[in-house]
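# Breakdown of the fold
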Amino acid sequence: NARGQSVANAMQAFTAGFQELESTTLTDEEQASLEDYFTTQFGAQLSASGAAGDGEPVDASTFIPTGAAQSYLTLHYTVPFDNFTDAIAVDDAGDGSGYSKQHEIYHPLMRSAAATVGFSDMLIADPRSGRVIYTVAKKVDFGTSLQMGPYKNSNLAAAVARCGVIADRSTVCLEDFSPYDPAEGAPIAFMAAPVVSDGDVIGVLVAQISHVEIDKVVTGDRRWSQEGFGATGEAYLVGPD
């Protein structure tokens with residue numbers, strides 16, 4: 001709930017921790033490890049999913065982090081893990097940073113909230129810098145800029161831009177399904193809400209909605225008979241398009 005004080009506290013804590021990391025520098029070995037992750041593992045995932053079209057090779061180098069904090073956090077919270085399930089389970093990367101100390105406090109709460117509601121990810125963005133300063137899933141959009149780079153034209157960037165200028169706690173910004181590279185090109189929708197403190201928007205809380213979760217709702221998780229639709233009943237969601 002973007003209106004809760006805990007989200008505002010998390011926003012302020014992650015913002016401070018993220019800014020501290022902007023002064024960090026990776027070693028040559030760390031930078032090589034980071035680049036290798038994107039050009040091999042993430043690039044292979046994108047190509048296999050057909051995100052570029054018909055399984056064509058993807059130039060994954062365009063997704064390599066350019067910001068200091070993004071590079072640092074990706075190296076510690078994304079790169080070491082073979083799958084995102086393992087990454088999500090980590091409360092503290094053990095690097096001793098101020099960011100990780102705050103992450104250990106707030107990540108279990110955010111992870112539980114996302115799982116309870118059924119969101120595939122929950123993110124917190126700083127509308128001023130345009131940076132995604134926290135995500136539950138720790139995919140490759142963690143730390144990224146939504147004002148420049150590979151995600152500036154994404155529906156995530158659109159949701160954050162819209163809600164980032166509306167200091168009204170009742171506001172909800174919805175962006176319809178569109179292919180999203182960090183989800184291996186799967187169609188993803190975003191629902192955002194401004195985090196407001198003292199009349200100012202200090203952040204944007206964003207829920208990532210997978211088509212898989214929508215399908216579960218529409219089909220009653222394949223429990224047609226129990227939901228009153230008979231053995232093979234169907235339900236449809238209809239939009240303006």
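Residues numbered from 1 in each chain as written. Predicted model: local features only at pLDDT ≥ 70, side-chain atom pairs only at ≥ 80, totals over all residues. Heavy atoms only, no water.

## Considering the packing of helix H1 (residues 5–21) against helix H5 (residues 98–117)
At a minimum axis separation of 8 Å, H1 and H5 run at an interaxial angle of 160°. Accordingly, the angle class assigned to the pair H1 and H5 is roughly antiparallel. Between H1 and H5 lies a crossing whose hand is left-handed. Residues Ser 6, Asn 9, Ala 10, Ala 13, Phe 14, Gly 17, Phe 18, Glu 20 and Leu 21 of H1 lie in contact with H5, whose contacting residues are Gly 98, Tyr 99, Gln 102, His 103 and Tyr 106. Its residues placed into classes, the contact of H1 with H5 shows 7 nonpolar, 6 polar and 1 charged. (Axes fitted to C-alpha atoms, helices over the stretch in contact; angles between N-to-C directions. Helix = DSSP H or I, 4+ residues; strand = E, 2+ residues; numbered from the N terminus. Parallel < 35°, antiparallel > 145°, perpendicular 65-115°, else oblique. Left-handed = near helix turned anticlockwise from the far one by under 90°. Contact = heavy atoms within 4.5 Å. Nonpolar A, V, L, I, M, F, W, Y, C, P; charged D, E, K, R; others polar.)

## A closer look at the sheet that holds strand E2 (residues 131–135)
Spatial strand order, E2-E1-E5-E4-E3: 5 strands in an open sheet with antiparallel pairing. The open sheet has two edge strands, E2 and strand E3 (173–180), and neither has a second partner. Across the sheet, the mean angle separating the axes of adjacent strands is 30° when strand polarity is ignored. Judged from the 4 bridges that link them, strand E1 (residues 121–126) and E2 form a sheet pairing that is antiparallel. Counted as the bridge partner of Asp 126 is Arg 131 from E2. Across the sheet, H1 is in contact with E1, E2, strand E4 (186–197) and strand E5 (200–210); its angle to E2 comes to roughly 120°. (Pairing = 2+ DSSP bridges.)

## Brief notes about helix H3 (residues 68–77)
Across the 10 residues of H3, 8 count as buried, placing the element largely inside the fold. Listing the buried residues of H3 in full gives Ala 69, Gln 70, Ser 71, Tyr 72, Leu 73, Thr 74, Leu 75 and Tyr 77. (Buried < 20%, exposed > 50% of the residue type's maximum accessible area, 1.4 Å probe, protein only.)

## Re the confidence of the model for the protein
Note that predicted coordinates carrying low pLDDT should not be read in detail. The predicted model of the protein has a mean per-residue pLDDT of 87, with 82% of residues at 70 or higher. Within the protein, no element has a lower average pLDDT than helix H7 (residues 211–219), which sits at 61, and none a higher one than E2, at 98. (pLDDT = per-residue confidence, 0-100.)

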